[in-house]
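Here's the letter readout for the chains.
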Amino acid sequence: MTLTPPLTGLIIRAQSGFFTVLGAELATPVTCQLRGRLKQGRREGDLAAIGDQVIFSHLPDGSGVIEEILPRKSEIIRLDPRPQGEYRQILLANPDQAVFVFACANPQPKLRMLDRFLVIAEKQNVPAVIVANKVDLLEKTAALALFEIYISLGYPVIFTSTHTGEGLPELRQTLSGKLSALAGPSGVGKSSLMNALQPGLGIAVGEVSQAMNKGKHTTNFRQLHRLEMGGWVADAPGWKSLALWDTEPEELEAYFPDLRELVSHCQFSDCSHTHEPGCAVTKALAAGSLRRERYESFLRLRAGQE
Ligand SMILES: Nc1nc2c(ncn2[C@@H]2O[C@H](COP(=O)(O)OP(=O)(O)O)[C@@H](O)[C@H]2O)c(=O)[nH]1
Ligand SMILES: [Mg+2]
Ligand SMILES: [Zn+2]
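Residues numbered from 1 in each chain as written. Chains lettered and ligands numbered in written order. Predicted model: local features only at pLDDT ≥ 70, side-chain atom pairs only at ≥ 80, totals over all residues.

**Student:** So what's going on with the overall build of the chain? Residues and values would help.
**Tutor:** For the chain, the count of helices and strands is nine helices and 13 strands. Here the chain, with 306 residues, has 36% of them falling under the buried criterion. Considering only contacts in the chain between residues 6 or more positions apart, those separated by 24 or more positions represent 62%. (Helix = DSSP H or I, 4+ residues; strand = E, 2+ residues; numbered from the N terminus. Buried ≥ 20, exposed ≤ 12 C-beta atoms within 10 Å, placed from the backbone. Contact = placed C-beta atoms within 7 Å.)

**Student:** Give a detailed account of the site of ligand 1, specifying residues and quantitative values.
**Tutor:** The local shell around ligand 1 holds 15 residues, among which Lys 134, Gly 189, Lys 190, Ser 191 and Ser 192 are the closest. Split by residue class, the shell around ligand 1 holds two nonpolar, ten polar and three charged. (Near = placed C-beta within 6 Å. Nonpolar A, V, L, I, M, F, W, Y, C, P; charged D, E, K, R; others polar.)

**Student:** Quick one: what's the story with the environment of Ile 69, residue by residue and with numbers?
**Tutor:** With respect to the secondary-structure elements, Ile 69 resides in strand S5 (residues 64-69). Judged by local crowding, Ile 69 falls into the buried class, with 20 C-beta atoms found within 10 Å. For the pair Ile 69 and Leu 34, spaced 35 residues apart in sequence, the C-alpha separation works out to 9.4 Å. Beyond its immediate chain neighbours, meaning those up to four positions away, Ile 69 contacts Leu 47, Ala 48, Asp 52 and Val 54.

**Student:** So what about the nonpolar core? Which residues, and what values?
**Tutor:** Formed by 66 residues in total, the largest nonpolar core has its most connected members in Ile 11, Phe 100, Ile 130 and Ala 132. When residues no more than four places from it in sequence are discounted, the contact partners of Phe 100 are Leu 114, Phe 117, Ala 128, Ile 130, Val 131, Ala 183 and Gly 184. Formed by six residues, the second largest nonpolar core is a distinct cluster that contains Leu 262, Cys 271, Cys 279 and Val 281. (Core = buried A, V, L, I, M, F, W, Y, C linked by C-beta atoms within 7 Å.)

**Student:** Go over the packing of helix H1 (residues 111-123) against helix H9 (residues 292-302), please, and point to the residues and values.
**Tutor:** Axis separation between H1 and H9 bottoms out at 10 Å; the angle between their running directions is 65°. As H1 packs across H9, the resulting crossing turns out to be right-handed. Facing Leu 111, Arg 112, Asp 115, Arg 116 and Val 119 of H1, the residues of H9 in contact are Glu 293, Arg 294, Ser 297, Arg 300 and Leu 301. (Axes fitted to C-alpha atoms, helices over the stretch in contact; angles between N-to-C directions. Left-handed = near helix turned anticlockwise from the far one by under 90°.)

**Student:** Please provide a residue-by-residue account of the environment of Gly 304, values included.
**Tutor:** Here Gly 304 shows up in the segment after H9. For Gly 304, a count of 9 C-beta atoms within 10 Å gives the class exposed. Counting along the chain gives 57 residues from Gly 304 to Thr 247, while the straight-line C-alpha distance between them is 9.8 Å.

**Student:** Give me the lowdown on the pairing of S5, citing residues and values where you can.
**Tutor:** As defined by bridge partners, strand S3 (residues 30-34) adjoins S5 across three bridges and the pair is classed as parallel. By the bridge assignment, Leu 34 is partnered in S5 with Ile 66. Here strand S4 (residues 53-58) hands over to S5 after five residues, with Gly 62 in that stretch at a positive phi of 95°. (Pairing = 2+ DSSP bridges.)

**Student:** Tell me about unusual backbone geometry, and please be specific about residues and values.
**Tutor:** Put simply, Asn 106 and Pro 107 share a cis peptide bond, and its omega is 5°. For Pro 107, the position within the fold is in the loop between strand S8 (97-103) and H1. One non-glycine residue with positive phi stands out, namely Asn 106, at about 50°. Relative to the elements of secondary structure, Asn 106 occurs in the loop between S8 and H1.

**Student:** I'd like a description of H9, backed by residues and values.
**Tutor:** All buried positions along H9 are accounted for by Arg 294, Ser 297, Phe 298 and Leu 301. Burial along H9 is one-sided: seen end-on, the buried residues are contained in an arc of 100°. Exposed and oriented more than 90 degrees from the buried face of H9 are Arg 292 and Glu 296. Positioned one or two residues after H9, Gly 304 has a phi angle of 80°, which is positive. (Arc of directions from axis to C-beta.)

**Student:** Outline the pairing of strand S11 (residues 179-183), supporting the account with residue identities and numerical values.
**Tutor:** With five of its five residues buried, S11 lies for the most part within the structure. Residues Leu 179, Ala 181 and Ala 183 line one face of S11 and the alternating positions Ser 180 and Leu 182 line the opposite face, and both faces are buried. Direction of pairing for S8 relative to S11: parallel, over a ladder of four bridges. Opposite Ala 98, over in S11, you have Ala 181 as the bridge partner. As paired elements, S11 and strand S13 (residues 232-234) share three bridges and run parallel to each other. Bridging across to S13, Ala 181 finds its partner in Ala 234.

**Student:** Describe the packing of helix H3 (residues 168-175) against helix H4 (residues 190-197), naming the residues involved and giving the relevant values.
**Tutor:** One can describe the packing of H3 onto H4 by two numbers: an axis separation of 10 Å at closest approach and a directional angle of 85°. By the angle between their axes, H3 is roughly perpendicular relative to H4. Judged by residue contacts, Leu 168, Leu 171 and Arg 172 of H3 engage Leu 193, Ala 196 and Leu 197 from H4. (Parallel < 35°, antiparallel > 145°, perpendicular 65-115°, else oblique.)

This is the structure in structure tokens:
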């Protein structure tokens, strides 16, 4: 029995089969479970996840039932190997963007990790934004030099400092009204940035992401955090653990904007871009138009190295 006609809502928290749904018309979120019929058939992956838009109805006891999960425009997935086959774990549904936070210094930016994050974002079709925090620790020209390659590739790069406030309005503008997945190594200032935008937000986002980075299994839930200015930030969805599953070498090239164009000019269609004559990639490398660091990131990812 349902009290009201079905409503649409957003899943803002997921924990072992229970989903907290915020209805478009409701002030208080409702704890829902999935309608039984949704769970029929072979399970190849999560049926619902934070970020999903759903149709749900109320039960007399105040809880709710998810009737339908609306089609996703994007998703961040982790393939979980299980005895009965690979399981598609959905870390986040419908992200508008992935925000990768690194520091200009202290700690030194791990650009190979950034390259890997960018490839994952390209593969999952999620636009990436780079935040270069702690810009106060370097001359601006030195900070620019570190990240200019990414600017030239077309990725938005926001230079920020929680100490001087530089770049915070731009970051606020970027997050406003969007569902963002936040990721980055620890110590770069993710919590500080979130707190600078909204007091208390850093603690909320940081705790879970740190627990997940350490692989703890104490709190197995995922949550969206509401931005007062509009929009949502998702707990860092463990990007470090996202493998580049079944990515063919030719496919990997497509996820490097600086290689994508070049490879079509290689003499051999199966060029490995290492020793072949007529390779446009090694030619660009020699000419200095392709950055060696990016080429090395490509080779490492292709070899399956982290
Ligand atoms: N110099 C400088 N230090 C910062 C900045 N933002 C954060 N920090 C410091 O960097 C350290 C790590 O910050 P935290 O927010 O905990 O990083 P998280 O691990 O990514 O969440 C703390 O000591 C912060 O005070 C910044 O813009 N400039
Ligand atoms: Mg933190
Ligand atoms: Zn080549």
